[in-house]
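Descriptive structure summary
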Amino acid sequence: MASVEDPSLFVLDNVPNCEASLIDEREEKFFRILRDAHPDVPVVFIENPNYPHTVFDKKAAADIAARNASMRAVYDKLKKAGEKKIYYIKGDKMLGTDGEATVDGVHFTDLGMVRYTEYVLPTLKKALRKK
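Small disclaimer: the values here were computed from a predicted structure and weren't measured.

What counts, and at which threshold
- Residues numbered from 1 in each chain as written.
- Predicted model: local features only at pLDDT ≥ 70, side-chain atom pairs only at ≥ 80, totals over all residues.
- Heavy atoms only, no water.
- Pairing = 2+ DSSP bridges.
- Helix = DSSP H or I, 4+ residues; strand = E, 2+ residues; numbered from the N terminus.
- Axes fitted to C-alpha atoms, helices over the stretch in contact; angles between N-to-C directions.
- Contact = heavy atoms within 4.5 Å.
- Salt bridge = Lys/Arg side-chain N within 4 Å of Asp/Glu carboxyl O.
- Buried < 20%, exposed > 50% of the residue type's maximum accessible area, 1.4 Å probe, protein only.

Overview of the sheet that holds strand β3 (residues 86-89)
Read across the open sheet, the 3 strands follow the order β1-β2-β3; overall the sheet is parallel. Every other strand in the sheet has two partners, leaving β1 (10-12) and β3 as the edge strands with one partner each. In this sheet, neighbouring strand axes are inclined to one another by 20° on average, regardless of whether the strands run parallel or antiparallel. Pairing of β1 with strand β2 (residues 43-46), which is carried by 3 bridges, proceeds in the parallel orientation. When the sheet's bridge partners are listed, Phe 10 is paired in β2 with Val 43. With respect to the sheet, helix α2 (residues 58-80) is in contact with β1, β2 and β3, its orientation differing from that of β3 by roughly 155°.

Spelled out as structure tokens, the structure:
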């Protein structure tokens, strides 16, 4: 990603495929690689959505909460250190509450992708406007 010529925006949406410990260990380092290569490019951090089954599966809910907390901690640390052009999108309301946004409780349906896009797009537009 750092080798891309003239990027407009970076979106870090890796939480669903990372453990909290990996986010703690690698997220800031990865951000720094991107920022060093492209100091003026906005970076958007996106949390893991709360999947419908997490209402009943407390272990899955705790895992997602830990992952999101790790991502938020990295973002907060960067913000506190004075990083500019970074944005954060929470995942708690990303998919709605009707259970129709995923095929299997995790992977998005067409409706899930529409909801995700509608939820994320305002922040992406804001980040791009300020570039």
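Here we look at the pattern of salt bridges
All told, the structure shown has 8 salt bridges when counted by the stated rule. Note that Arg 26 is salt-bridged to Glu 25, the shortest N-O span being 3.4 Å. Look at Arg 26 and you get partly exposed, because its relative accessible area is 47%. What you see here is one network of salt bridges that share partners, running through Arg 32, Arg 35 and Glu 83.

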